[in-house]
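# Geometric and topological summary
Residues per chain are reported as follows:
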Amino acid sequence: MKTLFEHVDILTENESGYVQIRDGYLGVDGATICYIGQDAPADAYDQKRNFKNKLLIPGMVNGHCHSPMTLLRGVGSDKPLQTWLFDYMVPTEDKLRPEDIRVGTQLALLEMAATGTTSFSDMYFMCDETIEACIQAGMKANIGRPVQCFDESESYADSTRAQDSFRLYREYNGAADGKILVDFAIHAEYTCKPHIVKAYAEDCAKLGGRMHIHISETASEHDECIGRHGKTPTQFFHDLGAMENLHLMAAHGVYLTDEDIAIIAEHHGSVMHNPTSNMKLGSGFAPIDKMVKAGVNVALGTDGAASNNNLNMFEELHLASIIHNGFNTNAEILPANEVFAMATKNGAKMQGRENCGALIVGNRADIVAIDLDKPHLYPNFDALATLCYSVQGADVYMTMVDGEVLYENGAYLTLDYDRILFDAKRSIDYLY
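As a starting point, this report considers the structure included with it. A quick note: this is a predicted structure, and the numbers were derived from the prediction, not measured.

With that settled, consider the pattern of salt bridges. For the structure shown, the criterion picks out 26 salt bridges. Between D402 and K179 there is a salt bridge whose closest N-O contact spans 3.7 Å. Of this pair, D402 sits in the loop between β15 (396-401) and β16 (404-408) while K179 is found in the loop between α4 (160-172) and β9 (180-186), placing the two residues 223 residues apart along the sequence. Classification of K179 as buried rests on a relative accessible area of 14%. E189 is the salt-bridge partner of R228, the closest N and O atoms lying 2.8 Å from each other. Linking R228 in helix α6 (residues 219-229) with E189 in the loop between β9 and α5 (194-207), this pair joins segments that are 39 residues apart in sequence. A residue is classified by how much of its surface remains accessible, and R228, at 45% relative accessible area, is partly exposed.

Below, the structure is given as structure tokens:
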């Protein structure tokens with residue numbers, strides 16, 4: 001199936017950066033972008049769609065999420081992270097069943113598809129349910145089953161979490177024509193013993209890939225790690241081999257030191273910035289400007305719906321565009337083009353999806369259409385400024401993944417909205 005979008009504004013790229021084409025044309029052939037231009041292409045198309053007053057952009061990449069936690073939305077609000085996690089999250093999570101994980105993920109997919117997310121990186125458990133939900137919905141996802149260990153006497157051979165992580169990798173990595181990628185994951189320093197980290201990292205390094213870890217999210221986490229080990233969380237994981245032949249995906253990084261940032265940059269790692277979650281939990285402001293200057297690949301994420309409390313990447317884009325200006329009293333510290341890249345191509349790079357994250361001929365057709373026919377989006381002199389400072393998640397008109405439309409004009413084409421809400425209510429009644 002070949003589809004041509006006509007008379008549409010397009011945010012594409014060339015060697016100089018982002019370029020806005022007005023009243024142009026974008027062609028999709030199967031799962032791939034086959035044409036972008038100001039003039040109509042000569043080739044024939046199976047269908048032509050007039051998208052006047054729409055802006056086509058690359059899909060949002062949610063770099064850090066715990067999708068089944070939609071079922072915990074609003075639980076433990078207004079508490080610091082450690083209290084929120086251990087007093088509110090863990091007791092409820094202990095009750096979760098496979099069917100709850102599946103519908104929690106589906107609820108997240110409804111929200112993400114409607115707000116322009118085409119791919120996300122997830123860290124949770126019972127991952128088969130999340131993966132199957134994503135495959136059915138046509139959503140791209142990087143899935144990691146986090147390894148944890150609270151008992152010093154637990155041997156690596158007895159780590160069912162590590163075994164499950166490798167099983168998922170064997171069974172699902174590359175599934176659904178590459179839409180599903182399986183990452184390795186360690187929850188955090190404070191939830192995993194060093195001997196497990198070291199042994200798991202060694203086995204992961206043999207396979208290569210990506211390592212998803214919460215790192216220096218709060219001051220207490222950072223300082224207590226130094227107290228326990230005489231080194232920061234970044235140094236702790238580095239010294240135990242968690243960056244050896246692995247692309248580090250460090251979630252949060254609020255309290256990274258200059259030395260930490262240099263280590264991550266040296267190993268070509270990524271940091272996932274989660275501005276809403278960091279502010280809601282009172283964690284602080286990550287030194288994103290330092291990371292960018294050091295050459296760290298910075299992506300954006302929502303975190304879970306229990307600490308955000310939504311999965312709207314346009315909200316993260318907006319906040320990341322403004323909070324660092326205010327915190328650093330510098331309106332030029334993070335230009336709109338850099339922040340938009342964090343929400344799109346930087347996230348795709350972090351996920352190992354080199355042919356995603358930008359509207360370029362030959363790339364995968366992960367495309368979002370923004371409805372510009374809104375009072376708060378007029379006039380649109382600068383597409384990047386409009387996207388970072390004006391667009392809301394509700395302005396998303398269409399979300400397409402690999403050429404397949406998942407959501408358009410309020411309608412879900414691959415998700416059963418009524419059934420998901422019915423099942424979600426059943427899970428909520430059980431959990432609470």
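Our focus in this paragraph is the state of the cysteines. Throughout the structure, instances matching the rule amount to 0 disulfides. With no disulfide of its own, C65 has C134 as its nearest cysteine by sulfur position, at a separation of 9.6 Å. Looking at C65, the relative accessible area reads 0%, which means it is buried. Unpaired in terms of disulfides, C204 finds its nearest cysteine sulfur in C192, a separation of 11 Å. Overall, C204 belongs to the buried group, its relative accessible area being 0%.

Let us look at the sheet that holds strand β13 (residues 297-300). The 8 strands lie next to each other as β6-β7-β8-β9-β10-β11-β12-β13, forming an open sheet whose pairing is parallel. Of all the strands in the sheet, just β6 (60-65) and β13 have a single pairing partner and so form its edges. In this sheet, adjacent strand axes meet at a mean angle of 25 degrees when their direction is disregarded.

Okay, helix α15 (residues 417-431) next. Three or four residues apart is the spacing at which side chains of an α-helix point the same way, because the helix has 3.6 residues per turn. Look at α15: 21 Å from first C-alpha to last across 15 residues, which is about the 21 Å you get at 1.5 Å a residue. Listed as buried for α15 are I420, D423, A424, S427 and L431. Down the axis of α15, the sector holding all buried residues measures 105 degrees, keeping them to one side. Relative to its buried face, α15 has exposed residues pointing more than 90 degrees away, namely D418, K425 and D429. For α15, the elements touching its buried residues are α1 (81-93) and α2 (98-114).

So, on to a nonpolar patch on the surface. Together, M279, F285 and F327 make up a nonpolar patch on the protein surface, roughly 280 Å² of accessible area in all. By the element assignment, F327 lies in helix α11 (residues 313-328).

Further remarks concern the packing of α4 against α5. Pairs of packed helices are described in terms of their axes, by the angle between the two and the distance that separates them. Contact geometry for α4 and α5: axes closest at 11 Å, N-to-C directions at 10 degrees. Judged by the angle between their axes, α4 and α5 are roughly parallel. Where α4 approaches α5, its residues A162, S165, F166 and Y169 are matched on the opposing element by Y200, D203, C204 and L207. Considering only residue class, the contact of α4 with α5 consists of 6 nonpolar, 1 polar and 1 charged.

About the thresholds
Residues numbered from 1 in each chain as written. Predicted model: local features only at pLDDT ≥ 70, side-chain atom pairs only at ≥ 80, totals over all residues. Heavy atoms only, no water. Salt bridge = Lys/Arg side-chain N within 4 Å of Asp/Glu carboxyl O. Helix = DSSP H or I, 4+ residues; strand = E, 2+ residues; numbered from the N terminus. Buried < 20%, exposed > 50% of the residue type's maximum accessible area, 1.4 Å probe, protein only. Disulfide = S-S within 2.5 Å. Pairing = 2+ DSSP bridges. Axes fitted to C-alpha atoms, helices over the stretch in contact; angles between N-to-C directions. Expected span 1.5 Å × (residues − 1). Arc of directions from axis to C-beta. Contact = heavy atoms within 4.5 Å. Patch = residues over 30% accessible without salt bridge, like charges linked within 9 Å, V, L, I, M, F, W, Y side chains within 5 Å. Areas by Shrake-Rupley, 256 points an atom, 1.4 Å probe, with all protein chains shown as cover. Parallel < 35°, antiparallel > 145°, perpendicular 65-115°, else oblique. Nonpolar A, V, L, I, M, F, W, Y, C, P; charged D, E, K, R; others polar.

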